[in-house]
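Each chain, written out:
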Amino acid sequence: FLLHSASILLILLYIQLPKFHIPEVATDGLVNALDELQLNPPVTITLRECDHHMHRNSNLPEWIKLAEWLRERGEKILFVRDTAKAREGIPGFAVCPPASLDLVARTALYSVAKANLGVANGPMMLAVLMNDKPWLMFNELQETGLYYPNTFKGWKHFTGVEPGEQWPWCQPNQRIIMTADKFETMRDAWV
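Residues numbered from 1 in each chain as written. Predicted model: local features only at pLDDT ≥ 70, side-chain atom pairs only at ≥ 80, totals over all residues. Heavy atoms only, no water.

A. Fine view of the packing of helix H3 (residues 60-72) against helix H8 (residues 183-190). For the pair H3 and H8, interaxial distance at closest approach is 9 Å and the crossing angle is 40°. Taken together, H3 and H8 sit at an angle that is classed as oblique. Crossing of H3 over H8 shows right-handed handedness. Between H3 and H8, the contacting residues are Glu62, Trp63, Lys65, Leu66, Trp69 and Leu70 on the first element and Phe183, Glu184, Met186, Arg187 and Trp190 on the second. For the contact of H3 with H8, a count of residues per class yields 7 nonpolar, no polar and 4 charged. (Axes fitted to C-alpha atoms, helices over the stretch in contact; angles between N-to-C directions. Helix = DSSP H or I, 4+ residues; strand = E, 2+ residues; numbered from the N terminus. Parallel < 35°, antiparallel > 145°, perpendicular 65-115°, else oblique. Left-handed = near helix turned anticlockwise from the far one by under 90°. Contact = heavy atoms within 4.5 Å. Nonpolar A, V, L, I, M, F, W, Y, C, P; charged D, E, K, R; others polar.)

This is the structure:
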């Protein structure tokens with residue numbers, strides 16, 4: 001039979017969420033490469049840049065503003081582009097095509113990052129489910145809308161948590177921010 005997401009959430013309250021197991025060779029190689037590029041430890045920014053449900057895509061100009069603001073404060077920024085744009089650069093910033101194309105490379109990167117930032121999407125959920133790394137995930141919810149998962153009722157239905165609440169395994173430095181990915185909101189969430 002099918003369990004409702006709220007039932008699954010209740011089960012998760014009583015068991016420890018499993019962690020991804022990342023091969024040590026993947027993380028060691030990545031750390032060495034990041035050291036050579038003077039990007040260790042990076043703040044990753046995972047972008048959603050699809051040609052379907054485009055209203056869910058990352059607001060790239062706003063993320064670039066945030067990246068510039070973080071860099072001014074001494075952070076090392078590494079963008080992880082959507083798979084379709086993996087090999088496209090972002091002027092003034094480093095991108096990591098292997099993490100856009102390979103699951104092991106992506107999880108290895110998220111595991112060595114200082115923090116992982118992005119909008120709600122499947123790849124960002126890898127960062128969310130790593131358990132011990134800081135992350136911020138932005139997802140604007142609305143009372144009503146054409147895309148049910150981004151409505152208040154849809155969010156509750158699919159995630160098992162009320163809008164504004166967090167999953168029970170989240171630490172204080174792991175948060176879903178229920179607003180659009182606008183610079184001011186992202187900056188304030190970082191601080």
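B. Representation of the pairing of strand E5 (residues 135-138) within the structure. Side chains Trp135 and Met137 project from E5 onto one buried face, and the interleaved Leu136 and Phe138 project onto a second face that is buried too. As paired elements, strand E4 (residues 115-119) and E5 share 4 bridges and run parallel to each other. Pairing of Asn116 across the sheet is with Trp135, part of E5. Taking the sense of rotation as the criterion, the β-α-β connection linking E4, helix H6 (residues 122-128) and E5 turns out right-handed. (Buried < 20%, exposed > 50% of the residue type's maximum accessible area, 1.4 Å probe, protein only. Pairing = 2+ DSSP bridges. Right-handed = clockwise from strand over helix to strand, strands pointing away.)

C. Focus on the sheet that holds strand E3 (residues 94-95). Strand order in the open sheet made by the 6 strands is E3-E2-E1-E4-E5-E6, with parallel pairing throughout. In the strand order of this sheet, the two ends are held by E3 and strand E6 (174-177), each with one partner. With 4 bridges connecting them, E5 and E6 associate as parallel partners. Within the sheet, the bridge partner assigned to Trp135 lies in E6 and is Gln174.

D. Region of the structure containing helix H2 (residues 24-36). When the terminal C-alpha atoms of H2 are compared, their 18 Å separation across 13 residues agrees well with the 18 Å that a helix rising 1.5 Å per residue should span. Burial in H2 covers these residues: Thr27, Leu30 and Leu34. The arc that holds the buried residues of H2, viewed along the axis, is 65°, so those residues lie on one side. Of the residues in H2, the exposed ones pointing more than 90 degrees away from the buried face are Glu24, Val25 and Glu36. Buried positions along H2 lie against strand E1 (42-46), strand E2 (76-80) and helix H5 (103-112). (Expected span 1.5 Å × (residues − 1). Arc of directions from axis to C-beta.)

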